[in-house]
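# Residue-level structural notes
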Amino acid sequence: MIRFKNVLLKLSGEVLAGDNKFGFDFEAVRRICKEIRDVYEAGIKLSIVIGGGNIIRGKVIEKLGIERSQADNMGMLGTVINALCLQDVLEQMNVPTRVQTAIDMRAMAEPYIRRRALRHLEKDRIVIFAAGTGSPYFSTDTAAALRASEIKVDCMVKATKVDGIYDKDPKVDKDAILFHELTYQEALAKRLEVMDIAAFSLCMDNKIPVAVINILKEGNLTGFLVRGEKTGSIVSEESNHAKN
């Protein structure tokens, strides 16, 4: 049962590294791309915002002495590398894609133009948005919320290494509770870390449901988007207060 017809997938850069701490695990990349292909072939319009944490994190290298704006610029370039990687693997699977960057680099990708992105989606292409918002001090979560608002998606799926939204850190507390469904207000009241506040506020203001799933578990993405399974967590205006 397909719940959403137009979806923005926010992929953290770390998932492209698989079990590694840095770089690419191409077995993991190909498996993720196969699931993306399955979602695409099910008829769902799909756009992607990719992070760069497997290559470089602006906040991390800032602590090593790099000025924050410069560090964030370096991080944005890392997302472009990841976007080009995803594009190549997807197109090897016969999935048409376009990469659009918030920073102009026409030799390797299109500049981000909203109407052009919408046209690509109308022509059944996957659009991969890279370079964040194009400005320092904004996370790729915020970039994803911004693009999701601009192209008016039905849902934003945050694909990470965690199983969903918990009431506490499951790595520290084995009794942590996984919330399958929450309202925006419940997530704020419980101070749950769905994403950064700027990104969450954008989604809430534009009434975009936010799902959090573990993309490293095979079948999670297609299970949630194509088969309508209760995989991970979803935050929206209304919920059934379902817990694991």
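Our structure's up above, just so we're on the same page.
Now for a description of the structure that goes with this document.

Here is what the cut-offs are and how they apply
Residues numbered from 1 in each chain as written. Predicted model: local features only at pLDDT ≥ 70, side-chain atom pairs only at ≥ 80, totals over all residues. Heavy atoms only, no water. Axes fitted to C-alpha atoms, helices over the stretch in contact; angles between N-to-C directions. Helix = DSSP H or I, 4+ residues; strand = E, 2+ residues; numbered from the N terminus. Left-handed = near helix turned anticlockwise from the far one by under 90°. Contact = heavy atoms within 4.5 Å. Nonpolar A, V, L, I, M, F, W, Y, C, P; charged D, E, K, R; others polar. Pairing = 2+ DSSP bridges. Buried < 20%, exposed > 50% of the residue type's maximum accessible area, 1.4 Å probe, protein only. Right-handed = clockwise from strand over helix to strand, strands pointing away. 1 Å grid on protein atoms, 1.4 Å probe; cavity = no way out; pocket = protein on both sides within 12 Å on 5 of 7 lines; lining within 4 Å. Points joined across faces, edges and corners; volume = space filled by probe spheres on them. Salt bridge = Lys/Arg side-chain N within 4 Å of Asp/Glu carboxyl O.

## Examining the packing of helix H1 (residues 26–41) against helix H3 (residues 68–92)
- One can describe the packing of H1 onto H3 by two numbers: an axis separation of 10 Å at closest approach and a directional angle of 65 degrees. When the axes of H1 and H3 are compared, the crossing they make is right-handed. Every residue of H3 that contacts H1 at Phe26, Val29, Arg30, Cys33 and Ile36 is listed here: Cys85, Leu86, Val89 and Leu90.
- Class assignment of the residues belonging to the contact of H1 with H3 gives a composition of eight nonpolar, no polar and one charged.

## Regarding the sheet that holds strand S4 (residues 110–111)
- Judged by pairing direction, the sheet is mixed, and its nine strands sit side by side in the order S4-S3-S5-S2-S1-S6-S10-S11-S9 without closing on themselves. With partners counted over all chains shown, the strands left at the sheet margins are S4 and strand S9 (181–183), one partner each.
- Across two bridges, strand S3 (residues 97–101) lies against S4 in parallel orientation. Opposite glutamine 100, over in S4, you have glutamate 110 as the bridge partner.
- Relative to S3, H3 is tilted by about 170 degrees, and along the sheet it contacts strand S1 (6–11), strand S2 (45–50), S3 and strand S5 (126–130).

## So, the pairing of S2
- Within S2, five of the six residues are buried, which leaves it mostly tucked inside the rest of the structure.
- As defined by bridge partners, S1 adjoins S2 across six bridges and the pair is classed as parallel. By the bridge assignment for S2, valine 7 is matched with leucine 46.
- In the classification by handedness, the crossover that spans S1, the intervening H1 and the parallel S2 is right-handed.
- With three bridges connecting them, S2 and S5 associate as parallel partners. The partner of serine 47 across the bridge, within S5, is valine 127.

## Some points on empty space enclosed by the protein
- One pass over the structure, following the stated rule, counts one cavity of 30 Å³ or more.
- Estimates place the volume of the largest cavity at around 50 Å³.
- The wall of the largest cavity is formed by Arg3, His180, Glu181, Phe224, Lys230, Thr231, Gly232, Ser233 and Ile234.
- For the lining of the largest cavity, the class distribution of residues is two nonpolar, four polar and three charged.

## A word on the pattern of salt bridges
- Throughout the structure, instances matching the rule amount to 15 salt bridges.
- Arginine 68 is the salt-bridge partner of glutamate 62, the closest N and O atoms lying 3.9 Å from each other.
- Using a relative accessible area of 17% as the deciding quantity, one classes arginine 68 as buried.
- Aspartate 141 is paired through a salt bridge with lysine 158; the nearest N and O atoms lie 2.9 Å apart. Residue aspartate 141 is located in helix H5 (residues 140–150), and its partner lysine 158 is located in strand S6 (residues 155–160); the two are separated by 17 residues in the primary sequence. Neither aspartate 141 nor lysine 158 differs from the other in exposure class; each is buried.
- Residues joined in a network through salt bridges with shared partners are Lys10, Asp141 and Lys158.

## A look at the pairing of S5
- Counting buried residues in S5 gives five out of five residues, a clear majority hidden from the surface.
- Neither face of S5 is open: one carries Ile126, Ile128 and Ala130, the other Val127 and Phe129, and all of them are buried.
- Across five bridges, the pairing between S3 and S5 is parallel. Note on S5: the bridge partner recorded for glutamine 100 is phenylalanine 129.

It is worth stressing that arrangement in space is one thing and function is another; only the former is reported here.
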